[in-house]
Amino acid sequence: MAGNAKPRGAVRKSKKGPTTGTGGNNKRRLEGKGPTPKAEDRPYHAAAKRKKAAEKSSAKKVAPRKFSKGDGLRGEIVAGRNAVLEALRESVPATELLVARSIDVDDRVAESLQIALNHGLSIREAHRAEVEGISPNSQGIILSIKPFQYSSFEEIVQRAKNPMLLVALDGVTDPRNLGAIVRSAAAFGASGVLMTERRAAGMTASAWKSSAGAAARLPIAQVTNLARTIDEAKKLGCFVVGLDGESDTAIAEMKVATENLMVIVGSEGKGLARLTREKCDLIVSIPISASTESLNASVATSIALYAVDEARRKG
């Protein structure tokens, strides 16, 4: 009926009594969603994009890895489990041991860590990418070596005993030969070892290991010009003796062994340079049985220094 119709806009009253629930289906709607994420953690936010770009930039910097001033890993490095362990066993001067995180610790790594701890060496753990960026074949472990502290020719001469015995290397390029020569020079009482700065081996970790620690006891100098250094040695009263397998004078016939001496060893392949040979007072050889054979530079030096030492003992 028209008289029973409700006016437009009127509010209907709900039925009294219990009503049917939702069964908990809307429970999640009532729960809080937690704190709002940081801007840099929201994928589509500008701050998040800047953060991602910065991470990519830092990752690229790890790969080339250049050692800057103040970086713990400056200078030469030794990489790989065997190489690092051998260097630590030989007490090669080092600044830091770098180990990758989550490295598989075998006997070599465990011993390396123990030696480093015993010597008070700094041990740094780094991300695997950083370690491999420095050396791809590092096997997760790298040793940073201190730059070798060379003496000068003047310092060696001032500290030399009488009669003086200097060993000069004319282009020896194998660091293992260099280390072995340093070891022999120390064993037979040489005053020091001289080498050229260019086109010659330096006191690397390999040379240090071959010297069996003698490099820490014997002064070693690099000179810019060997010919000029020979002239200076002569002014100090040294006889300059060069080693050459083709010389007709055997080392046993050398009459100046008891005088101040500079013994010069040539390079592994070419031997003595022409100018060096011309400046020598005497060229001697070490006789060997087979004419087709030749002596390694370090072996020849050891024999020559033994001959000098023996002559001085008798004299």
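Please read all numbers here as calculations on a predicted model, not as lab measurements. (Residues numbered from 1 in each chain as written. Predicted model: local features only at pLDDT ≥ 70, side-chain atom pairs only at ≥ 80, totals over all residues. Heavy atoms only, no water.)

K.L.:
Talk me through the sheet that holds strand β3 (residues 122-126); I want residue IDs and the actual numbers.
P.N.:
One open sheet accounts for four strands, arranged β1-β4-β2-β3; its pairing is mixed. What marks the edges here is a single partner per strand, and that holds for β1 (77-79) and β3. Neighbouring strand axes in the sheet, compared pairwise and without regard to direction, differ in orientation by 20° on average. Where helix α3 (residues 81-89) meets the sheet, its contacts fall on β1, β2 (94-100) and β4 (141-145), and the angle it forms with β4 comes to roughly 40°. Against the sheet, helix α4 (residues 107-118) contacts β2, β3 and β4, and its axis sits at roughly 145° relative to β2. (Pairing = 2+ DSSP bridges. Helix = DSSP H or I, 4+ residues; strand = E, 2+ residues; numbered from the N terminus. Axes fitted to C-alpha atoms, helices over the stretch in contact; angles between N-to-C directions. Contact = heavy atoms within 4.5 Å.)

K.L.:
Describe a nonpolar patch on the surface, listing the residues and the values that go with them.
P.N.:
A contiguous nonpolar patch, built from I288, L295, V299 and I303 and spanning about 280 Å² of accessible area, is present on the exposed surface. On the secondary structure map, I303 appears in helix α11 (residues 297-314). Exposure remark for I303: the relative accessible area of 33% places this residue in the partly exposed category. (Patch = residues over 30% accessible without salt bridge, like charges linked within 9 Å, V, L, I, M, F, W, Y side chains within 5 Å. Areas by Shrake-Rupley, 256 points an atom, 1.4 Å probe, with all protein chains shown as cover. Salt bridge = Lys/Arg side-chain N within 4 Å of Asp/Glu carboxyl O. Buried < 20%, exposed > 50% of the residue type's maximum accessible area, 1.4 Å probe, protein only.)

K.L.:
How would you summarise the pattern of salt bridges if you had to cite specific residues and measurements?
P.N.:
A side chain with one charge may pair with a side chain of the opposite charge, provided their charged atoms come close. Throughout the structure, instances matching the rule amount to 13 salt bridges. Taking the shortest distance from any N to any O, the salt bridge between D231 and K279 comes out at 3.1 Å. Taken together, the residues span a long stretch of sequence, with D231 in helix α9 (residues 226-235) and K279 in helix α10 (residues 274-279) at a distance of 48 residues. Of the residues examined, D231 reaches a relative accessible area of 29% and is grouped as partly exposed. We note a salt bridge from R277 to D244, for which the minimum N-O separation is 1.9 Å. Placement of R277 in helix α10 and of D244 in the loop between β8 (239-243) and β9 (261-266) is noted, with a sequence separation of 33 residues between them.

K.L.:
Give me the lowdown on the pairing of strand β6 (residues 192-196), citing residues and values where you can.
P.N.:
Counted residue by residue, β6 has five buried out of five residues, so it is predominantly covered. Alternating positions in β6 separate into two faces, G192, L194 and T196 on one and V193 and M195 on the other, with burial throughout. Across four bridges, the pairing between strand β5 (residues 165-170) and β6 is parallel. The residue bridging L169 from the neighbouring strand is M195, located in β6. In terms of handedness, the path from β5 via helix α7 (residues 175-187) over to β6 forms a crossover that is right-handed. Each parallel crossover has a hand, and the one from β6 via helix α8 (residues 205-210) to strand β7 (residues 220-223) is right-handed. (Right-handed = clockwise from strand over helix to strand, strands pointing away.)

Keep in mind these values describe shape, not function.
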